[in-house]
Amino acid sequence: MKRLLLTCWLALALPLQAADLTLRYAAPAPDTAQGWEQRALPIGNGRLGAMLFGQVARDRLQFNDITLWTGDTQTLGAYQPFGDVVLTLDRSEAPVSGYQRELDIARGEHRLRYTQDGVRFERVTLASHPAQVIAWRLSADRPGRYQGRIALADRHGAALTAAGRGMTAVGRLPNGLAYASQLRLLNEGGRVRVEGDSLVFEGCTALTVLLAAGTSFDDGRDPLPRVQAQLDATPAWRELRAAHHRDVQRLLGRVQLDLGAAPAERRALTTDARLAAYTRHGSDPELEALYFQFGRYLLVSSSRDSLPANLQGLWNDQLQPPWNSDYHSNINLQMNYWPAEPANLAEAARPFHRFVQRLLPQWRRAVSERAALALKDPAALPPETPPWDNSVQPPQETFLRADGQPVRGWALRTETNPFGAQGYLWNMTGNAWYARHFWEHFAFTQDRGFLRHTAWPVLLEVAEFWQDRLKATPDGRLVAPNGWSPEHGPIQDGVAYDQQILWDLFDNIAQAAAVLGETAARERALAVRDRLAPPRVGSWGQLLEWLDELQDPVLDTPRDTHRHVSHLFALFPGRQISPTRTPELAAAARRTLDARGDVSTGWSMAWKMAWWARLRDGDRAHRLLRGLLAEPGAQAARPGAEVHQGGTYPNLLDTHPPFQIDGNFGATAAIAEMLLQSHDGVIDLLPALPAAWPNGTVRGLRARGGFEVDMTWADARVKSATVRAVAGPGGGRLRVGERVIDLHLKPGKARTLQFAQPN
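Just so you know, the residues in each chain are numbered from 1, in the order the chain's sequence is written. The predicted origin of the model limits local features to residues at a pLDDT of at least 70 and limits the giving and counting of side-chain atom pairs to 80 or more, whereas totals for whole chains, interfaces and linings rest on all residues. The side-chain numbers reported here are obtained from all heavy atoms of the structure, hydrogens and water having been left aside.

What to know about the pairing of strand β30 (residues 696-703)
Along β30, seven of the eight residues are buried, which leaves the element largely enclosed by surrounding structure. Alignment of β30 against strand β31 (residues 707-714), held across seven bridges, turns out to be antiparallel. Pairing of T697 across the sheet is with T712, part of β31. Pairing between strands is defined by DSSP: at least two bridges between them are needed. A helix here means a DSSP run of H or I that spans at least four residues, while a strand means a run of E at least two residues long, and both kinds are numbered starting from the N terminus. The hairpin formed by β30 and β31 contains three residues between the paired strands, and G705 there has a positive phi angle of roughly 100°. Note on classification: 1.4 Å probe, protein chains only; a residue is buried when its accessible area is under 20% of the maximum for its type, exposed when over 50%, partly exposed between these limits.

Below, the structure is given as structure tokens:
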């Protein structure tokens, strides 16, 4: 019989090998559109970021500010590239040896090293959150070896000026958004002079390029004084770099992951070659751990104090990016934030919450104006836009209740921008899916002030919308009318995607009400939740996607391989379906996933990873990881299946295709789910551990209830674990295998559990 040793410690010293959190390359990224997407490397401070190529003679730093958008409250527009810093070095035609280009995600910096003419050159680039600048440091091991020029290039016709050691670009987009960028060149040795629109440097030993940029998005003010002030306050390079390292490590250092050692020959490979080897052979747990941490790095880099991460996070080099690089409400924006709470980056979720709160007036107005038009002149209602494939014509939306009065609350369409404009189809339950992120933030952080003053009003308003909109079937069930299962099939009442999201909404409201002592609100929420038409099983054991099984050659049959499997929301990120509580529905979800197949777009494979993790099938989840963390198109879909060449580019960015960052974020969240789950009221250790990770250690994962967890395992069994009650009332229950343990934790305390291993 297993023996359990329980002790209460404040910390547990777990064996953890030093993780190598660096992406390495032996050649520059081509300065082309494809090179930008597939081989350039990203840095970012949440608002300001850049893609770096690592060219020797002529290098480009392409930069973005996440608030630079065309469009307005009526027109979607698109997320825009800001500009470029172009470096040209003289006397750089000689052959290069020892070339190394790397992205150190533990420190948040890009490094380039090479030797030319016997001189060892180095460039270090970082995007500082404390200083709100990008810094590009060039040094050499011999004095006076830098000669060339640097230019600031704008993408939108700004007025460019150069004076002293600085360059400035000031402009305004057609929508009235003002923007400004300013560059300062600090030289050590030699001299700097202005030549046209460039700064020319000669005989310099080292150079530090400081770049600040901003827009009028947040306050409507001219951004140039703010940009200048940021540069004026920037400390010297050594202090700037040290403060940046502390800032990045404060966030990214919270979670450490060791999934096992890779063979020495894999470690010796560059990251692109390592990805190619993993695609063919697998067996690289260090690369898998790096991929997990890279997702955390991307989230911190693209979501701090400003707008949330968009379809490309923070990075874009096109005036017309794919899907406008917008905020998609039917899965993509939500997936961006799946890893924030479990991967111990709760602060990174706050830009998403503020984004929703900021746009609520616009989204309310869209609903109320349409309802007013429906009351005044129903014939004047514009026809709805059909899906891109014209597969169905949506009915005209009135936003009127059954009694003819306008519904309360707000709703949104699938495509949105940061000003409030919307496009494409209505995604009615997008409001409820957004609201669940407010509840999840409380569930993990136990921040009662946030729950009462921020989350609760959002949850209640969405509930009012659905209380007004839901309709009763003849047998008394409540269904969401005119729903569409993204992104295929008919428009019908009671689509499973809608029903499951609404069950989640009212269940979350009931839990929130219990915490806040809102007894009447809790009873109302439970009454609605329990009347919602529930998930059902179809004729071949599948989970039904529509209220009733369709009689269709493809839909609701094993031949449907569509990338969207939205009717499994109740399995993940929801919790209505569980292998332990609802085994029949879990089996139906498994049957559906088997039929849909593994190969798909990047984000779809990431979601499937999370579903298999919730089904406690670690090997199947890992098989999806093998397909996602692979060269695009490496895995072939089965004959007749919907074909999408999802995967991972050499720079480890996800491809839909094209590049779409939600696959990175979704995969990080799914790996966390494989190691730790907490949605069923218990902290579940290693619920979906694959055979590929028999030994490992993780520190710092978060669990609902305000807990933080460290653990180590050997031979696929938990060896030891520490649970800390870092927030909330304490208590807690822990599941290890079939055993459930009451922790009885007091707030602020920790408990360590050690498990005797079988002989």
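That covers the picture; the talk isn't over yet.
A short note on the pattern of salt bridges
By definition here, a salt bridge exists when the distance from a side-chain nitrogen of Lys or Arg to a carboxyl oxygen of Asp or Glu is within 4 Å. Summed over all chains, the structure comprises 65 salt bridges. Between R123 and D59 there is a salt bridge, with its nearest N and O atoms 3.0 Å apart. Taken together, the residues span a long stretch of sequence, with R123 in strand β9 (residues 119-128) and D59 in strand β5 (residues 58-65) at a distance of 64 residues. In this structure, E195 and R193 form a salt bridge, with 2.9 Å as the shortest nitrogen-oxygen distance.

Some thoughts on helix α2 (residues 224-233)
Listed in full, the buried residues belonging to α2 are L224, V227, Q230 and L231. Down the axis of α2, the buried side of the element spans an arc of 125°, and every buried residue falls inside it. In α2, those exposed residues whose orientation departs by more than 90 degrees from the buried face are D232 and A233. Contacts made by the buried residues of α2 are with β10 (133-140), β13 (166-172), β14 (178-188) and β17 (206-215). The arc in question is the one traced by the directions running from the helix axis out to the C-beta atoms. Contacts: residue pairs with any heavy atoms within 4.5 Å of one another.

What about unusual backbone geometry?
What you tend to see is this: most non-glycine residues have negative phi, and most peptide bonds are trans. Between P486 and the following residue, E487, the backbone shows a cis peptide bond with an omega angle of -10°. If you trace the backbone, E487 turns up in the loop between β24 (483-484) and β25 (491-492). In the segment running from F572 into P573, the intervening peptide bond is cis, with an omega of 10°. Structurally, P573 is set in the loop between α12 (519-529) and α13 (583-596). Positive phi is not limited to glycine here, since D556 has a value of about 65°. In this fold, D556 is placed in the loop between α12 and α13. Residue classification places D556 among the buried residues on the basis of a relative accessible area of 7%. In the Ramachandran plot, H744 falls in the positive-phi region, its phi being about 55° despite a non-glycine side chain. Looking at the element boundaries, H744 is found in strand β34 (residues 739-745).

Examining the layout of surface pockets
The volume enclosed by the largest pocket comes to roughly 640 Å³. Each cavity reported here is a set of points on a 1 Å grid over the protein atoms alone in which a 1.4 Å probe fits but cannot get out, each pocket an open set with protein on both sides within 12 Å along at least five of seven lines, and each lining residue one with an atom within 4 Å of a point. Around the largest pocket, the lining comprises 27 residues; the ones closest to its centre are W439, Q511, G681, R704 and G705. Where the lining of the largest pocket is concerned, the elements lending two or more residues are α9 (430-445), α11 (496-516) and β33 (731-736). In this classification, the charged set is Asp, Glu, Lys and Arg, the nonpolar set is Ala, Val, Leu, Ile, Met, Phe, Trp, Tyr, Cys and Pro, and all remaining amino acids, among them Gly, are polar. Across the lining of the largest pocket, the residue classes break down as nine nonpolar, nine polar and nine charged. Grid points are joined across faces, edges and corners, and a volume is the space filled by probe spheres set on the points.

Digging into the packing of helix α8 (residues 350-376) against helix α10 (residues 448-469)
Only the stretch in contact is used when a helix axis is fitted, and all axes are lines through C-alpha atoms; the angle between N-to-C directions ranges over 0 to 180 degrees. Between α8 and α10, the shortest axis-to-axis distance is 12 Å and the interhelical angle comes to 45°. In this view, α8 runs oblique relative to α10, as classed from their interaxial angle. Relative to α10, the crossing made by α8 is left-handed. Here R350, H353, Q357, L360 and R364 of α8 come into contact with α10, specifically with F450, T454, V458 and E461. Residues that form the contact of α8 with α10 fall into these classes: three nonpolar, three polar and three charged. In these notes the angle categories are as follows: under 35 degrees is roughly parallel, over 145 is roughly antiparallel, 65 to 115 is roughly perpendicular, and the rest is oblique. In this scheme the handedness of a crossing depends on how the near helix is turned from the far one: anticlockwise by less than a right angle means left-handed, clockwise means right-handed.

A closer look at the sheet that holds strand β20 (residues 413-416)
Across the sheet, three strands lie side by side as β19-β20-β21; this open sheet has antiparallel pairing. One side of each edge strand has no neighbouring strand; the edge strands of this open sheet are β19 (327-328) and β21 (422-426). Bridge count for β19 against β20 is two bridges, and the pairing is antiparallel. Across the sheet, residue Y327 finds its bridge partner in β20, namely T416. Lying over the sheet, α8 contacts β19, β20 and β21, oriented at roughly 65° with respect to β21.

Observations concerning the packing of helix α14 (residues 602-614) against helix α15 (residues 618-628)
The N-to-C vectors of α14 and α15 enclose an angle of 165°; their axes lie 8 Å apart at closest approach. In terms of their interaxial angle, α14 and α15 are classed as roughly antiparallel. The way α14 lies across α15 gives a crossing that is left-handed. Together, G602, M605, A606, K608, M609, W612 and A613 of α14 and R620, A621, L624, L625, G627 and L628 of α15 make up the contact between the two elements. Its residues placed into classes, the contact of α14 with α15 shows nine nonpolar, two polar and two charged.

Comments concerning the confidence of the model for the chain
Each residue carries a pLDDT score, the predictor's confidence in it, ranging from 0 to 100. Chain-level pLDDT for the chain is 95 on average; 96% of the residues reach the 70-or-more range. Across residues 1-17, where pLDDT falls below 50, the model places 49 contacts with residues more than four positions away in sequence or in other chains.

Things to note about the side chain of Q116
Position of Q116 relative to the elements: it lies in strand β8 (residues 109-116). Judged by its relative accessible area of 4%, Q116 is buried. Beyond its immediate stretch of four places on either side in the chain, Q116 contacts V56, R91, S92, E93, A94, P95, V96 and F121.

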